[in-house]
Amino acid sequence: MTLIAFGTGLVWAPTVAAATATSDPLPDIEVQDQSGRTLHFYRDLVKGNVVAVNFIFTGCSAVCPLLGASSAALSRELEKNRDPHQRVISISIDPGNDTPKHLREWKSHFGAAPDWTLVTGKERDINTLLRALQVYSADKNLHSGNFLLGNPDTNTWRRVGGSTAPGVLAQTMRELASAKAANISATPPSAAASYFPDLPLLDQNGNAHRFYSDLVKGRVVVISTFFSECNATCPMTFAQLARIQTQLGDRLGQDVFFLSITVDPLTDTPKKLKDYARQLGAKPGWLFLSGDQANVNLVLEKLGQFVKSRDAHSNLLLIGNEKTGLWKKANGLASANELLPIVASVINDGH
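Residues numbered from 1 in each chain as written. Predicted model: local features only at pLDDT ≥ 70, side-chain atom pairs only at ≥ 80, totals over all residues. Heavy atoms only, no water.

Novice: Describe the sheet that holds strand β1 (residues 30–33), naming the residues involved and giving the relevant values.
Specialist: Taking strand neighbours across the sheet as the criterion, the seven strands line up as β2-β1-β5-β4-β3-β6-β7 in an open arrangement whose pairing is mixed. This sheet does not close on itself; its edge strands, each paired only once, are β2 (38–40) and β7 (156–161). With strand direction ignored, the average angle separating the axes of adjacent strands in the sheet is 35°. Across the sheet, helix α2 (residues 64–79) touches β3 (50–56), β4 (86–92), β5 (116–120) and β6 (146–151), and the angle it forms with β3 is around 160°. Along the sheet face, helix α3 (residues 100–108) touches β1, β3, β4 and β5 and points at about 150° away from the line of β5. (Pairing = 2+ DSSP bridges. Helix = DSSP H or I, 4+ residues; strand = E, 2+ residues; numbered from the N terminus. Axes fitted to C-alpha atoms, helices over the stretch in contact; angles between N-to-C directions. Contact = heavy atoms within 4.5 Å.)

Encoded structure:
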């Protein structure tokens, strides 16, 4: 059974979370730009425009200076063929510290840059916006280093690396303005990349992984949901997965990966999950994932696995091959002998 119709030309569209203007595709929160002006993010900055959005904080010494230089260079590139409906926007992910004055001083380091707007605001509002754009991270140091290039009129968006040449960024914005929504490379992004959030989760060893780019992209995955204090169906599902990992042998961690996501991240810390994984005899290639509650919830929502009560979580396994786009559902309470052929069929798809 196909889970998601990948390969259908779907484009990535932001999910609206607690938008202040429900008819708009993005939250119309109040923000302050680097000059101290109060603006509404959607109606004043985004609506009717093609935008290049990135995410920075002025105390960052890693990727943010690169994003600042790229933003300024893109702004100057756009000035060559000036279009008042093209904007470059940097959103502070540290609004508690980044005042308009701080943003103005930070921007000045990168030279003249017309139509580059830097914004801050109330932390709650900014976080709402970041979640809508699917880039929220509880740890600011793990924030996205990409641009989001978007045309809100067609609700078409592209994720583009922060080091992409300004000429390429500008050309992509022109194509978005023409509603062509062309890709910046010869190879179009997969529908999975457009669909899945790329939010950071933590494994049982405390290592951070972005959900799509680190855990799903290019892989065959078996995804399950659970919580460590469950004494009903979870032990039965994991008993079958433990048998499957034995039968897979060295293929686990190479040809296929198990991703078990807790529905109770507040309780299931990485330390607790490490003990849990040890008790199950989990081998390399089987990750138990937790993290910030909001990040976990968004990932689960996209998987169709979000529940308000942890006891109501699903026993379904989602088995997918990101390269070929084949996704299947299977009953996690089925026997290992019944499940293994399904896993194998997804692994071998396309061969």
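Moving on, there is more to tell.
Novice: Mind laying out the confidence of the model for the protein, listing which residues take part and the relevant values?
Specialist: On average, residues of the protein carry a pLDDT of 85, and 89% of them reach 70 or more. Between residues 1–24, whose pLDDT stays under 50, and residues either more than four places distant or in other chains, the model counts 57 contacts. A low-confidence stretch, residues 180–188 (pLDDT under 50), is modelled with 16 contacts involving residues beyond four sequence positions or located in other chains. (pLDDT = per-residue confidence, 0-100.)

Novice: Lay out the sheet that holds strand β13 (residues 316–321) with the relevant residues and their values.
Specialist: Strand order in the open sheet formed by five strands is β12-β11-β10-β13-β14, with mixed pairing between adjacent strands. Since the sheet does not close on itself, it has two edges, and those belong to β12 (286–289) and β14 (326–331), each with one partner. Here the average twist between neighbouring strands, direction ignored, is 20°. Here four bridges tie strand β11 (residues 257–262) to β12, and the two strands are oriented parallel to one another.

Novice: Outline the packing of α2 against helix α5 (residues 166–177), supporting the account with residue identities and numerical values.
Specialist: At a minimum axis distance of 9 Å, the contact between α2 and α5 shows a crossing angle of 55°. With respect to each other, α2 and α5 are oriented oblique. Handedness of the α2/α5 crossing: right-handed. Contact with α2, carried on its side by Ala-73, Leu-74, Glu-77 and Leu-78, involves Pro-166, Gly-167, Leu-169, Ala-170 and Met-173 of α5 and no other residues of that element. Tallied by class, residues from the contact of α2 with α5 come to seven nonpolar, one polar and one charged. (Parallel < 35°, antiparallel > 145°, perpendicular 65-115°, else oblique. Left-handed = near helix turned anticlockwise from the far one by under 90°. Nonpolar A, V, L, I, M, F, W, Y, C, P; charged D, E, K, R; others polar.)

Novice: Kindly report on the pattern of salt bridges, identifying the contributing residues and their values.
Specialist: Taken as a whole and assessed by the stated rule, the structure comprises 11 salt bridges. Arg-251 serves as the salt-bridge partner of Asp-255, at 2.8 Å between the closest nitrogen and oxygen. Residue Asp-255 is classed as partly exposed on the basis of its relative accessible area of 34%. Exposure remark for Arg-251: the relative accessible area of 32% places this residue in the partly exposed category. Bridged by salt links that share partners, the residues Glu-229, Asp-264, Lys-272 and Arg-310 form one connected network. (Salt bridge = Lys/Arg side-chain N within 4 Å of Asp/Glu carboxyl O. Buried < 20%, exposed > 50% of the residue type's maximum accessible area, 1.4 Å probe, protein only.)

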